Every structure is written in C-alpha cells, then in structure tokens.
Protein chains: 2
Amino acid sequence: MTRSLTISIDAMGGDHGPSVVVPGVALAATEAPALRFLLHGDERAISAELAKHPSLKDRVEVRHAERVVAMDEKPAQALRRGKGTSMWSAIESVKSGEAQGSVSAGNTGALMAISLLILRMSVDVERPCLVVGWPGVKGITTVLDVGANVDCDAERLVEFAILGEAFHRAAHGVAKPTVGLLNVGAEDMKGHEEVRQAHSILRSGKFDLDYRGFVEGDELFQNKVDVVVTDGFTGNVALKTAEGAARYIGGELRAALNSSLTSKLGMLFAKAGLMKFREKLSPDAAAPLLGLNGVVVKSHGGASDRDIAAAIRMASKLAQSDFAAEIERNMTRLTAAVAEQQPPAVDGAA
Amino acid sequence: MTRSLTISIDAMGGDHGPSVVVPGVALAATEAPALRFLLHGDERAISAELAKHPSLKDRVEVRHAERVVAMDEKPAQALRRGKGTSMWSAIESVKSGEAQGSVSAGNTGALMAISLLILRMSVDVERPCLVVGWPGVKGITTVLDVGANVDCDAERLVEFAILGEAFHRAAHGVAKPTVGLLNVGAEDMKGHEEVRQAHSILRSGKFDLDYRGFVEGDELFQNKVDVVVTDGFTGNVALKTAEGAARYIGGELRAALNSSLTSKLGMLFAKAGLMKFREKLSPDAAAPLLGLNGVVVKSHGGASDRDIAAAIRMASKLAQSDFAAEIERNMTRLTAAVAEQQPPAVDGAA
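Residues numbered from 1 in each chain as written. Chains lettered and ligands numbered in written order. Predicted model: local features only at pLDDT ≥ 70, side-chain atom pairs only at ≥ 80, totals over all residues. Heavy atoms only, no water.

Named according to an unreviewed UniProt entry, chain A is Phosphate acyltransferase originating from Phenylobacterium haematophilum. The Subunit (unreviewed entry) comment attached to chain A in UniProt states, word for word, "Homodimer. Probably interacts with PlsY." Among the UniProt annotations of chain A, the heading Pathway (unreviewed entry) holds the following wording: "Lipid metabolism; phospholipid metabolism." (UniProt positions renumbered as here; feature names shortened; annotations may be inferred.)

Student: Describe the domain arrangement of chain A, with residues and values.
Tutor: All names here are of chain A. With domains assigned, chain A is organised as domain 1 (1-122 + 292-321) and domain 2 (131-284). Approximately 550 Å² of surface area, both sides summed, lies buried where domain 1 meets domain 2, with 71% of it carried by carbon and sulfur atoms. If you sort the residues of domain 1 by the area they bury against domain 2, His300, Lys317 and Leu318 come out on top, with a joint share of 56%. Summed over the shared surface of domain 1 and domain 2, the result is zero salt bridges. At three residues, the largest contribution of residues to the side of domain 1 that touches domain 2 is made by helix H10 (residues 305-320). Counted by class, the side of domain 1 that touches domain 2 contains three nonpolar, two polar and one charged residues. (Domains from an automatic or database assignment. Buried area = accessible area lost by both parts, 1.4 Å probe. Salt bridge = Lys/Arg side-chain N within 4 Å of Asp/Glu carboxyl O. Helix = DSSP H or I, 4+ residues; strand = E, 2+ residues; numbered from the N terminus. Nonpolar A, V, L, I, M, F, W, Y, C, P; charged D, E, K, R; others polar.)

Student: So what about the packing of helix H1 (residues 18-31) of chain A against helix H2 (residues 43-50) of chain A? Which residues, and what values?
Tutor: Residue and element names in this part refer to chain A. Two elements in contact, H1 and H2, have axes separated by 9 Å at closest approach and are oriented at 50°. Overall, the two elements H1 and H2 adopt an arrangement that is oblique. Helix-helix and strand crossings are classified by hand; for H1 and H2 the assignment is right-handed. Facing H1, whose interface residues are Pro18, Ser19, Val22 and Pro23, H2 presents Ala45, Ile46, Glu49 and Leu50. A breakdown of the residues in the contact of H1 with H2 according to their chemical character gives six nonpolar, one polar and one charged. (Axes fitted to C-alpha atoms, helices over the stretch in contact; angles between N-to-C directions. Parallel < 35°, antiparallel > 145°, perpendicular 65-115°, else oblique. Left-handed = near helix turned anticlockwise from the far one by under 90°. Contact = heavy atoms within 4.5 Å.)

Student: Account for the pairing of strand S1 (residues 5-10) of chain B, naming residues and giving values.
Tutor: Every other side chain in a regular strand lies on the same face of the sheet, so the side chains alternate between the two faces. Residues and elements named next belong to chain B. Most of S1 is tucked away, with six of its six residues classed as buried. With burial as the criterion, each face of S1 is covered, one bearing Leu5, Ile7 and Ile9 and the other bearing Thr6, Ser8 and Asp10. Relative to strand S2 (residues 35-41), S1 is paired through six bridges, and the arrangement is parallel. What sits directly across from Asp10, in S2, is His40. This β-α-β element, S1 to helix H1 (residues 18-31) to S2, shows right-handed connectivity. Inspection of the sheet shows S1 paired to strand S4 (residues 101-104) by three bridges, in the parallel sense. Looking across to S4, one finds that Ile7 is bridged to Gly101. (Buried < 20%, exposed > 50% of the residue type's maximum accessible area, 1.4 Å probe, protein only. Pairing = 2+ DSSP bridges. Right-handed = clockwise from strand over helix to strand, strands pointing away.)

Student: Describe in detail the environment of His64 of chain B, supporting the description with residues and values.
Tutor: All names here are of chain B. Within the secondary structure, His64 sits in strand S3 (residues 60-64). Counting along the chain gives 177 residues from His64 to Thr241, while the straight-line C-alpha distance between them is 41 Å. Apart from residues no more than four positions distant in its own chain, His64 is found in contact with Gly41, Asp42 and Glu43. A polar side-chain atom of His64 sits 3.0 Å from the main-chain amide nitrogen of Glu43. A distance of 3.3 Å separates the side chain of His64 from the side chain of Glu66, its partner in a polar contact. (Polar contact = N/O pair within 3.5 Å; in protein donor to acceptor, adjacent residues only side chain to side chain.)

Student: Could you give an account of the pattern of salt bridges, naming the residues involved and the relevant values?
Tutor: Two side chains that carry opposite charge are able to pair once their charged atoms sit near each other. Counted according to the given criterion, the structure contains 28 salt bridges over all chains. A salt bridge links Glu159 of chain A to Arg156 of chain A; the nearest nitrogen and oxygen atoms lie 3.1 Å apart. Taken together, the positions of Glu159 of chain A and Arg156 of chain A, both in helix H6 (residues 154-172) and three residues apart, correspond to about one turn of that helix. Each member of the pair Glu159 of chain A and Arg156 of chain A is classed as buried. The partner of Glu165 of chain B in a salt bridge is Arg169 of chain B, and the shortest N-O contact between them spans 2.9 Å. Of this pair, Glu165 of chain B and Arg169 of chain B both sit in helix H6 (residues 154-172), four residues apart, which is roughly one turn of that helix. Given the relative accessible area of 1%, Glu165 of chain B is considered buried. Among the residues examined, Arg169 of chain B registers a relative accessible area of 18% and is labelled buried. One network of salt bridges, in which partners are shared, links Glu61, Arg63 and Glu98 of chain A.

Structure follows, in structure tokens:
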C-alpha cells in the first residue's frame, strides 16, 4: 500500500524530547518514503532539531504546543490541565482525521486517560488495553491486558482476544494468529469462573479466531500461541515477575561468575554473549493502546531514536491494516454469541 | 526442645520409592537423634533398604501397605481407592496421633485430596494452601497460595496471611515475619476489590501480624517482605512464569555463549558459576500443605535423599513449633475483625 499516511507525534514526550524524537522521525522517514508527520510541541526546540535533518523538510509539519505533560503527573491532573499540551494535540490530530495514527513516549497513565477522553473506546472494555510483546524461543507472543483493566468478566476476556488477534496480525504480519487463555492448567475445569466461561465462548467457533485453549505461565516463553489473553491483574503480575526474574538471574549470574578467578575470566569471554541476551529483555519500544477509536502507540520514557522509529513503524502498520474493521466484525459476533448463551430468563416454558 | 517426635512417611512416594526415601530418612535421622519414624509401604522393599542402614534399626517402625497411589492418578480416583495405600496410611498416622507430622513425595493432587479428607481444614479456606519458598537476593520469601484455591475473597486472602506468617516463623526461625499482599501497584486504590479489602482488614492492626502493604511481581525477588499473599490463580501464574523465565534465560544464555569461539571458551570457564545459580531455582524439596489439622509436607516426585531429609526436617520443625496455636489465635481475631467491618445490616437505628 502506498497511500500517503500521516503520523501525529508528541515531540516533547519521553526523557529527552525533540533531541531524540526528531532523529527517530528521521529514521522512520528513511524507511517509509510515503510517510508524513505532524510534530506537536515547542516550535523553537523542534525546528532546531529539524534543521539537522534537511531531508525531513517537506514531510513534516510542526504544530506549536505551549505546554508539556510532566512524566510524574497523575492521570486525573493531566486530564484537567492537559488541553494545549503536546500530548493532547497529538491525540486530537487523530480524532480530527488529520493523522491516521499517533506516537508518544510520554507519561503512560496520562496518555491512556487523554486518549480515552478524546478518542473513546471502540469496544465495551473500560480502558485501553496494555499490550506487551513477550519474548520466547520462537519469537514474540502478544500478551494482553498487562495492567489497565484489573477486573475482568468473561466477556472482557473475549474482547481482549478479539483485540489482540487483530493487533498481532497487523503488527507482525501473521495471517491467522493463534489465541490462548492464560490459566493454571490445561483441562477444561481448571481456573476460575471467568476464565472457564471465556473458554467456553471462544470455543463456540462463533468467531473468526484460531482459538487453541488454555496456556500456562511457563508456556508464555515457548510461543505456544501467538496471542495470550488474561485479565490486567494477572497480566501485570506475570509481566513484572518475568522482569524481576530476569534482573535476579542476571545478578546471581554476575555474582556466580565473579566468585572465582576462572569464572572471572569466563565472564570476560562471555560478555559479548550476555549483551545479546539482555537486548531481548529490554522494555517495550512500541506498545499500542488497544481498543480506542484510533491508533495510539506509546514508547517508554527512556526511548532512543530507534525506539521512536519502531513506534512510528507500528503506528503506520496499524493505520494501514484492516484491524479496526476486523475487531468490529468479531465484536458483532460476540454480542450474538453472548445473547445465545443467555436466553431471556423469565420467558415461557423450556 | 528434645521431646521425642515421630514423623510418618510414605515410603513408596516419588519416582524412586524406598530406594531414595529410606536413605533420606537415614540422613534426617543423623541430624536429629531424637526423631522416630513410621514408614508406610511395601514391607519387603522397605526392609531391604533398611538393612543397608543399621543405625535406623531402633528408630523406625514399618507399616505394611499393599498398594500405592500412582503418580498420574486423578485426585477423585485416589480418594475412591486410596484406603490401604502407603500415602493414605501415612496421613492416617497423623490423624490418630501416632505421628506428629508426615512426608510424601507422591502425587500432589492425591496427597491434597487425601489429607483434606482425613485431617480436614483448621481454617475456613477450602483446600490446603500450596506454599513455595521463592528465592531472592536476600534469602527466601514464602509465597502462597500458588495453585490450590483459585477463587479467593478478601477473607481467604487474610487467612493465607495468617497461615503463611505462622509457617514462615516455624520453618525459617524468623521471630516476626513481615507480610505483604501481591498487587499491581503500591497505592491503596490499586488492584481489584478483593485485594483492596484484604489490605484494609490487614491494616486494621487487629492481628498479631507485621503487615507491610502491597508488593509487586518484580519485588518477589527482592525479599521485600518475608511472606507474600495472593490468590491461587495469580500465585500459580507468577510461579510458572518465573520458572519459564529461568528456563528461557538459561537457554538463551547457552545459545549466546555458544555463538562464538571466545564465548564458547567463556562458557567452559563459567560452567561452575552457572551450576551454583541453577541450584537455587530447583523445584521445592519441601512444600507444606497449609491449613490442615496436622502437618503434611510434600516433596517433588523426583526427590533425592537430601530432598526427603529436607522435607522431614521441615515436618519436624512445624510439629515442634506453636504454629497451629498461633494460627488459631489470629483466626479468632479475623472473625472479630470481619464482624466489626460488617455490622448487622437490618438491626435498628445508627
């Protein structure tokens, strides 16, 4: 597809603002010659950076924004005083249709709250889902929700499946992603009510989804399925536990390797190898907020220019894909499937 | 304390039966000269092993049991046909008072079901809690429940706190263990209803517990508190995710270290160090089933003689401690605390 796309960017987001975001835009621009950009933020600071990248000249438009959402601002505060910030304007450009997707490396809670207010949800889920690309032996598994929605009934979980499946296809180019539900065992009777009911709805075959059943915590690393669905509470605990495990094991390993002279020598030799493995476990460069009427991709606060470029790449993939329409189609099926599961209670003889 | 204790042992449990269990008993006997043992299982097989350990002669009594619970038997099946098995008899000796604690390396589901049927619960929790000793930078954190009770309201979580705190003191000799609740953030308003309500009950100060508030997944490895409480669903996912992370990182590391000749050399040197770190992550040698009227400790199916000895050591620590009385005391306080939180709804003017 070569249709011209515009990505709206919060140029002040992240720890380094325009000095990292603009080089990130330049990188993305080289990869995708048809892409255009709206840069929101302090005009003077942005222009100074743009001067170093003359190739961007005709592809970038700068929109001055007086203010910036602070990295430590509470979401409620960001909502109250967010209007006029670079983040707010970046999202508004998606709402107005000027841009087909947006990217920010700013405050996550504020970005979620502002995106929710401006774009609203396209599904019944209350707040945008947080998604993580989980590294495994065979590649990346999409895991959601990893923290936004902590209370989830069966329908919520099925909606996450619909969102995650469409996202994984758009972002990773897998024609028919496989989907699983995180549980404490593989058998039908395992787990709590919500997860068993979601399993039963997903298994009904009513959706355009390749559902494969339950997945356990250790199987996340085996890429047993492409998309793993869980509530925001369990997902957040699992993600943080994995991060904690990586840090702990790294530390133990360093201590163990330092405990003798031969091991110390080994450490020197092994260093190059260790670097490689840490790269895989680095925080997410490009995390979409799923379920909104519009594409929003966040990068982490410490994002590098390469991370910003990765987030832009993901935003443009999502904007170019059919994922919004696919989600809508499956959501209609969900409504039908749920109606079938719960026939009118008061009415007539069985 | 030198009071004579008897530990009842399922000599047929685990992958290797008496050939590993009896040497394990011999190891434990050397460490604790006052300990006595009841060994349940095939008399001939046990006696053959006992002949190799003459020092055990006056300290062991063998109780013949015709049958064995298979490692792959379903809990329901084990309940139906369990009577007369070595596992069943080992637990019955605790019920009858002949033994003060029991150890089995057999089928976990069957052991839980049989223990529950014979000993019953001492608390309101439905099934015995599964506990794990989580390795961290400063030592071991007790985490529960890791799989037995997947549906937990606030009261259940508080009971886990009571059980885990008393267990940690008895097993690890910490006079006043600190307690935390696993959650997705540190602030009071974080998490779902159940975890917030449990937080409020524990914070009331009505218990003899050093409660420290919420703990996040990555903090499990930092030993931020001695005891971390969670529902069996989240606990099981966290545990399996940590196991999966260890396996994945180990594999990635091997691949990375093998990718170049210098790294390969490094791998050779580092091997001794790597061994050390894996030991810490090995499956639990001694896991108590908490909340029963009696001490039951399980070891894993592949238990070595040292693992069996560790399980015996834990069973005798628990049997010698006041943990049952401590649990009872705090359970009485819980009843009072809950009654205070929910004043009679219909009755009279405020």
